[in-house]
Each structure stands twice: as structure tokens, then as C-alpha cells.
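Chain by chain, the residues run as shown.
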Amino acid sequence: MTTHLQEDKLAQRSLEVLRAGQAPSGALIASPSFDVYKFSWLRDGSFCAHALDAAGDHDAARAFHRWVARSVEAHRGLFETTLAALRAGTVPPAEAMPPTRYTLDGELEPEGDEAWPNFQLDGYGMWLWALAAHLDGAPAPDDLRPAVRLVADYLREAWGLRCFDCWEEFGGGEHASTLGAVAAGFDGAVRLLDEPGWQIDADRVRSELMERFTVGGRFKRGAQDERVDGSLLWLAVPFGVLGPDHPVIRATVDAVRRDLSGPGGGIYRYRGDTYFGGGQWLLLTSSLAWHDAVAGNTAAAIAAQDWVRAQATADGDLPEQVTGCAQTPEMIAEWVERWGPVATPLLWSHAMYLLAERALT
Ligand code: BGC
């Protein structure tokens, strides 16, 4: 671990939270204190594993990747049935698609739980991206390769389908950040499977993004939705759809900063968000800091990280969002009544904090 991270108390606490949130199976729980988040999401987990790598805990990251591979293998039948249907030109119903989250034992969630909008493609792309980064360019070891191939094959057939977005909303839509994650996943597959052919898939997805997901020189959140979204921040860092200095990325990040910064500089997910009132999300504020750090905008990155640090509880736990300046405050009580107070700690808030800190070193 770098000295800078060692000196930073919140970075230390973040590493503790990530480690404590890892089950013996290797799964990373989304939040240990929020019942609805007692699962392991591929999206949250991939960023957490990447942060564990950044903080030097490669064993914990490896355990997560092995858990994903085992969970995918345990449901090989589901993936293969889905693939066969898609190859035959039939799209299975959303509820029948591979899930975005698994139980900590790698099972599908039990029937009878609140129905979850599980058909989301971004997490599978993020897993391939995070695993490729974990292996630092090396091909996947023999025991992980079959799961990697299955996931890459699934994405090749499924990436053009309409699904829920990374916020698990807007089902039946087409989402720029989802495609960014898928493109990064295909880039990862080139290295993981040592097969240059996946580059064609990555380029195809990137062309789609450029052709159908821009407006006025910047990216937009959905093919049919011109708003910006905090998740567009990931298109350059870390998904590498374009470089951080590309004019389209610059215009996108400027628009996020302009339209989605709240008082103090915390970032909203998107305008019109009502989840827990639509507050400022810590993981997005750190995502902006991560982007700014990579783009050389150090002062802005430091200011964003300062804001995140100021939202930590006395124990150093980072919530999912803070609702003091929520967009629709009248919605807060309804969510608290339904699911309890905002998830705290949220593992991927800590992960993004660590990743931005690491980029600042
Ligand atoms: C967020 C997702 C996240 C999940 C678990 C949801 O509210 O919108 O992005 O994966 O919580 O943290």
C-alpha cells in the first residue's frame, strides 16, 4: 500500500470496511447494515475488488474474482439457455436473464423476496474489466477461463438488449454507462482470453456509443434521454471509451459538474432522482475526483475528496448518499419507512474513495 493511503485515516477505515464486508466465500456484500443490500452485486463488487487491488490487498481481490467465477459456473445452465435463445433470435423475459446480484453463497436470490430488477448488463462488463486489471494484462488462469468465456459470450449476444441501468431503474432502456462497462469488458476479454477478436466487439460498442449516445458534443445518459448522469463519469475513467482529454469527455464531465453538483460539491445521480429523495452520492463525488485526478485537475479532485470525507460518520463509515440537500425531500420518509435509513457503510462508496485517493498519489 502506498504511504499516502497509509497516512489517510479514512483510506485505512475504507480498507477495513471492504475487508469486513467480504464473506468467507469471497463475495463482497453491498452493505452490511441494510437488509435489501445483503447481496453481492457484480457492479459494486468489481469496483470494490479494484479498490482492494489499488490498496495492495490482492488476495481479497482474487477471492472476489474466484467467487464470481464459481457463481457463474454454478449457473452455467442459465447462461447457456439464455445464449441458445438469443442465438436463435428469441429474447427471454427480463426475469429469466442472468442476475445482477447473487447471495453471498453465489445463489440466485430466494423466491418470495421483493422482486428485483435483476436484468442489468453492466456488472458483467465490469467484472471482466476488473479481473483483467487485477491480472495486469495476463491471461485468465485455466480455472477462471471457462467462466470468463461464458460471460464474454453472453455479453456478445446480449449487449444490444434493453435492460435496467446501473441504478437499477429505467428498465427497457439503453444506457450509455452500461455500454461503457460492456466495452471495457470486451477490452478485458482480449487479454483474459488472449483473443484479439474481442476488440471488434469492443469497437462496435464504442461506435454505438458515439453514434447514438451523444448530444451537443457530450454523452447523454440514454439513447432517448438527453440528461447527464453521474455514471457517465466512468466512460473515460476507468472504462477508457475515450481518453480523459477527449473533447466529448471534457464536455460530458463539464456538464456533470454543472448540472449535477449540489451545495458543497457532492454529485447527484441525475436530475429528477427520487430514491431517498435524490441526494448527493458519495461514490459519484469520488468518481469525479478519480476522473479529475487522472486528468490532472488535482485541486478539484482534492476538494471533492474533502467533501466526501466530511460526510463520514464518527466511525468513519461512508453512506450511499446524503440527503441534506435532496432534490425531492418529500420522498425521504417514504424510503426510510420502506427500507430503513440510507445504507451506511456502503462498500462501493469506500471503494471509490480509495480509488480517487490512490489516483491522487
Ligand atoms: C444502486 C445500485 C447498487 C445497489 C447496491 C442501488 O440502489 O442504484 O447502483 O448496485 O444499490 O449498492
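A brief look at the structure comes next. The structure displayed is predicted, hence computed values, not measured ones.

Remarks on the overall build of the protein chain
Piece 1. When you go through the protein chain residue by residue, the secondary structure sums to 14 helices and seven strands.
Piece 2. Scaling as 2.2 N^0.38, a compact globule of 361 residues should have a C-alpha radius of gyration of about 21 Å, and the protein chain matches this with 19 Å.
Piece 3. When the backbone C-alpha atoms are referred to their principal axes, the protein chain occupies close to 50 × 45 × 45 Å.
Piece 4. With 361 residues in all, the protein chain has 59% of them scored as buried.
Piece 5. A separation of at least 24 residues holds for 70% of the contacts in the protein chain among residues at least 6 apart in sequence.

Remarks on the sheet that holds strand 7 (residues 321-322)
Piece 1. Read across the sheet, three strands follow the order 5-6-7 without closing on themselves; strand pairing throughout is antiparallel. Lying at the two open borders of the sheet, with one neighbouring strand each, are strand 5 (267-268) and strand 7.
Piece 2. Where strand 5 and strand 6 (residues 280-281) come together, two bridges link them in antiparallel fashion. When the sheet's bridge partners are listed, I267 is paired in strand 6 with W281.

A few points about the nonpolar core
Piece 1. Core analysis: the largest hydrophobic core is formed by 128 residues, its most contacted members being F47, W127, F219, W234 and W348.
Piece 2. In this view, W127 contacts S46, F64, H65, V68, A69, A147, V148 and V151; residues no more than four positions away in its chain are not counted.

Overview of the packing of helix 11 (residues 282-295) against helix 12 (residues 298-310)
Piece 1. One can describe the packing of helix 11 onto helix 12 by two numbers: an axis separation of 8 Å at closest approach and a directional angle of 160°. The orientation of helix 11 relative to helix 12 falls into the category roughly antiparallel. For helix 11 against helix 12, the interelement crossing comes out left-handed. Every residue of helix 12 that contacts helix 11 at L282, T285, S286, A289, D292 and A293 is listed here: T298, A300, A301, A304, Q305, W307 and V308.
Piece 2. Partitioning the contact of helix 11 with helix 12 into residue classes produces eight nonpolar, four polar and one charged.

Description of the side chain of H65
Piece 1. Following the sequence through the fold, H65 ends up in helix 4 (residues 58-74).
Piece 2. Setting aside its immediate chain neighbours within four residues, H65 contacts A49, W127, A130, L131 and H134.

Side note on the site of the ligand
Piece 1. Taken together, 13 residues surround the ligand, and among them Y37, R43, D44, C166 and R269 come closest.
Piece 2. Between an oxygen atom of the ligand and a side-chain N or O atom of R269, the distance comes to 3.2 Å.
Piece 3. About the coverage of the ligand: the protein hides 97% of its 310 Å² of free accessible area.
Piece 4. Of the residues contributing to the shell around the ligand, the split by class is eight nonpolar, no polar and five charged.

Focus: the pattern of salt bridges
Piece 1. Scanning all chains against the criterion turns up 31 salt bridges.
Piece 2. A salt bridge links D35 to K38; the nearest nitrogen and oxygen atoms lie 3.9 Å apart.
Piece 3. You can call K38 partly exposed: its relative accessible area is 38%.
Piece 4. For the salt bridge of D59 with R62, the shortest nitrogen-to-oxygen distance reads 3.0 Å.

Let's talk about the environment of F219
Piece 1. Locating F219 in the fold gives a position in strand 4 (residues 218-219).
Piece 2. In the structure, F219 is positioned 36 residues away from A255 in sequence and 9.3 Å away in space, judged by C-alpha atoms.
Piece 3. Residues within four places of F219 in sequence aside, it is in contact with L209, M210, F213, T214, V228, L232, L235, V241, L242, V248, I249 and T252.

Structural notes on the packing of helix 6 (residues 122-135) against helix 8 (residues 176-192)
Piece 1. At a minimum axis separation of 7 Å, helix 6 and helix 8 run at an interaxial angle of 40°. Classified by the angle between their axes, helix 6 and helix 8 sit oblique to one another. Where helix 6 crosses over helix 8, the handedness of that crossing is left-handed. Facing D122, G125, M126, L128, W129, L131, A132 and L135 of helix 6, the residues of helix 8 in contact are T178, A181, V182, A184, G185, G188, R191 and L192.
Piece 2. Here the residues of the contact of helix 6 with helix 8 are counted per class, giving ten nonpolar, four polar and two charged.

Thresholds, definitions, all that
- Here, residues in each chain are numbered from 1, in the same order as that chain's written sequence.
- Where totals are concerned, whole chains, interfaces and linings use all residues; where local detail is concerned, this predicted model gives features only for residues with pLDDT of at least 70, and gives and counts side-chain atom pairs only at 80 or more.
- Note that the side-chain values use all heavy atoms of the structure and ignore hydrogens as well as water.
- In this description a helix means any DSSP run of H or I spanning at least four residues, a strand means any run of E spanning at least two, and both kinds are numbered starting from the N terminus.
- Atoms counted for the radius of gyration: C-alpha only. Globule rule: 2.2 Å times the number of residues to the power 0.38.
- Burial classes follow relative accessibility: with a 1.4 Å probe on protein chains only, a residue under 20% of its type's maximum area counts as buried, one over 50% as exposed, and anything between as partly exposed.
- Note on definitions: a residue-residue contact is assigned when non-hydrogen atoms from the two residues lie within 4.5 Å.
- Strand pairing is assigned whenever DSSP detects at least two bridges linking the two strands.
- As used in this record, nonpolar core signifies buried Ala, Val, Leu, Ile, Met, Phe, Trp, Tyr and Cys residues forming a set joined through side-chain atoms within 4.5 Å.
- Note on definitions: angles span 0 to 180 degrees between N-to-C directions of axes, and those axes are lines fitted to C-alpha atoms, for helices only across the stretch in contact.
- Working rule for angles: under 35 degrees goes down as roughly parallel, over 145 as roughly antiparallel, 65 to 115 as roughly perpendicular, anything else as oblique.
- Handedness of a helix crossing follows the sense of rotation of the near helix relative to the far helix, less than a right angle counterclockwise being left-handed and clockwise being right-handed.
- Note on residue categories: nonpolar means Ala, Val, Leu, Ile, Met, Phe, Trp, Tyr, Cys or Pro, charged means Asp, Glu, Lys or Arg, and polar means any other residue, Gly included.
- Only heavy atoms are used to decide nearness, and a residue is near a molecule or strand if one of them lies within 4 Å of it.
- Any N or O atom pair separated by 3.5 Å or less is treated as a polar contact, with the protein-specific requirement of one donor-capable and one acceptor-capable atom, and with residues adjacent in sequence counted only for side-chain atom pairs.
- Reported accessibility uses the Shrake-Rupley method at a 1.4 Å probe radius. Residues are deemed covered only where the shown protein chains occlude them.
- Whenever Lys or Arg places a side-chain nitrogen within 4 Å of a carboxyl oxygen from Asp or Glu, that contact is recorded as a salt bridge.

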